[in-house]
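Structure at a glance
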Amino acid sequence: MMDNNKKTVIEKRIMKVGENLKKNNMEFYYAETKLDVAAIVKGLIKEGDVITHGGSVSMLECGVRELISSPEYRYIDRSKAQSPEEIKQVYRDAFSADVYISSANAITEDGVLYNVDGNSNRIAAIAFGPDSVIIIAGYNKIVRDLDEAEVRVKTEAAPPNCVRLECPTYCRETGECVSLSKAGHQISDGCSGDGRICCNYLISAQQRHKGRIKVIIVGEELGY
């Protein structure tokens, strides 16, 4: 159980981020624990919705997959795709889904989402397509700014994801991106391996379509 003093400080930071997300035309929801997330998501979807998601560890930790697998919804289950053609079709189908569920690689204190992808189906769907995008993120995804977001991805997100996805990369072997050892490196610098997962970058600042993106921040650590 988390120390109450630490919890108070974390909640204050989450609420600050939440207010800035709302200023950027995104909806904000606070879940005290991961057990509270599914109920919030249920309130954001409706019967008959076509729902799919990215490869989110955070979503799986919160039991959301069990929720959307209900017959109430039309769930596009990416895990059932077997061939490369089927996988590509699932990615394309996400654009016409009613709801897309994902996490974020980082969320800045001023309410900006930062995401980096290899195949980039996830960041493509976050940027455009589904009418509703639900982001689920533990408080550990909060960073001060985009510079800190870059470091977080290159040290805390990409390396374990490369292990999970069995991608042969420099960061999988060393624990951090090769670019961090270079003076004056750019945000897009990285390895040149075929398994690289940091290929395309999405910064979601103030949104034109108010409320399309909903962000649930959880008062626990989730995902990578």
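Treat the numbers as computed from the prediction; the structure is a model and nothing was measured. Throughout, residues of each chain are indexed from 1 in the direction in which the sequence is written. The model is predicted, so local features are restricted to residues of pLDDT at least 70 and side-chain atom pairs to those at 80 or more, both for listing and for counting; the totals for chains, interfaces and linings are taken over all residues. The basis for the side-chain values is all heavy atoms of the structure; hydrogens and waters are excluded.

Comments concerning empty space enclosed by the protein
Stated precisely, the cut-off is as follows: Note on definitions: the grid is 1 Å and covers protein atoms alone; a cavity is a set of points where a 1.4 Å probe fits but cannot get out; a pocket is an open set with protein on both sides within 12 Å along at least five of seven lines; lining residues have an atom within 4 Å of a point. Grid points are joined across faces, edges and corners, and a volume is the space filled by probe spheres set on the points. To qualify as a helix, a DSSP run of H or I must reach at least 4 residues; to qualify as a strand, a run of E must reach at least 2; elements of each kind are numbered from the N terminus. Ten residue types, Ala, Val, Leu, Ile, Met, Phe, Trp, Tyr, Cys and Pro, are classed as nonpolar, four, Asp, Glu, Lys and Arg, as charged, and the remainder, Gly among them, as polar.
Evaluation of the coordinates by the stated rule reveals one cavity of 30 Å³ or more. If you go around the largest cavity, you meet 14 residues; those closest to its centre are A158, C171, C177, C191 and C198. Broken down by secondary-structure element, the contributors of at least two residues to the lining of the largest cavity are α7 (146-165) and α8 (170-174). Among the elements that line the lining of the largest cavity, the one with the most residues is α7, at three residues. Residues that form the lining of the largest cavity fall into these classes: nine nonpolar, two polar and three charged.

Examining the side chain of D49
This is how it is decided: As used in this structure description, the phrase polar contact means that two N or O atoms lie within 3.5 Å; if the pair is within protein, one of them must be able to donate a hydrogen and the other to accept it, and residues adjacent in sequence are counted only when both atoms belong to side chains. What makes two residues a contact is simply this: any of their non-hydrogen atoms within 4.5 Å.
Along the chain, D49 turns up in the loop between α2 (37-44) and β2 (50-53). Among the polar contacts made by the side chain of D49, one reaches the main-chain amide nitrogen of K46 at a distance of 2.9 Å. Ignoring any residue separated from it by four or fewer positions in sequence, one finds D49 in contact with Y73, R74, D98 and V99.

Comments concerning the state of the cysteines
Operational definition: Disulfides are defined in this document as cysteine sulfur pairs within 2.5 Å. When accessible area is computed with a 1.4 Å probe and restricted to protein chains, residues below 20% of their type maximum are described as buried, those above 50% as exposed, and intermediate ones as partly exposed.
Applying the stated criterion across every chain yields a total of zero disulfides. Sulfur of C167: no disulfide; nearest cysteine sulfur belongs to C162 and is 5.0 Å away. The class for C167 is buried, based on a relative accessible area of 12%. Of all cysteine sulfurs in the structure, the one in C198 sits closest to C177, which takes part in no disulfide; the separation is 6.4 Å. Looking at C177, the relative accessible area reads 12%, which means it is buried.

So, the layout of surface pockets
Approximately 850 Å³ is the volume found for the largest pocket. Around the largest pocket, the lining comprises 43 residues; the ones closest to its centre are G55, R78, R122, R164 and L165. Put simply, the parts of the chain that give the lining of the largest pocket at least two residues each are α3 (57-61), α5 (84-93), β6 (113-117), α6 (121-127) and α7. By residue number, the principal contributor to the lining of the largest pocket is α7, which donates six residues. For the lining of the largest pocket, the class distribution of residues is 18 nonpolar, 16 polar and nine charged.

A few points about a negative patch on the surface
Put simply, the test is: Each patch is built from salt-bridge-free residues with over 30% relative accessible area, joining like charges within 9 Å and nonpolar side chains (Val, Leu, Ile, Met, Phe, Trp, Tyr) within 5 Å. Reported accessibility uses the Shrake-Rupley method at a 1.4 Å probe radius. Residues are deemed covered only where the shown protein chains occlude them. Take a side-chain nitrogen of Lys or Arg and a carboxyl oxygen of Asp or Glu: if they are within 4 Å of each other, that pair is a salt bridge. This count recognises Lys and Arg as positive and Asp and Glu as negative, with His and chain-terminal groups excluded. Throughout, a charge is located at the NZ atom of Lys, the CZ atom of Arg, the CG atom of Asp or the CD atom of Glu.
On the surface, a cluster of negative charge is contributed by D110, D145, D147, E148, E156 and E221. One can find D145 in the loop between β8 (142-143) and α7.

Considerations on the environment of L35
Summarising the element assignment, L35 is placed in the loop between β1 (27-31) and α2. Along the chain, L35 and V64 lie 29 residues apart, while their C-alpha atoms are 9.7 Å from each other.

Any functional reading would require information that these geometric values do not contain.
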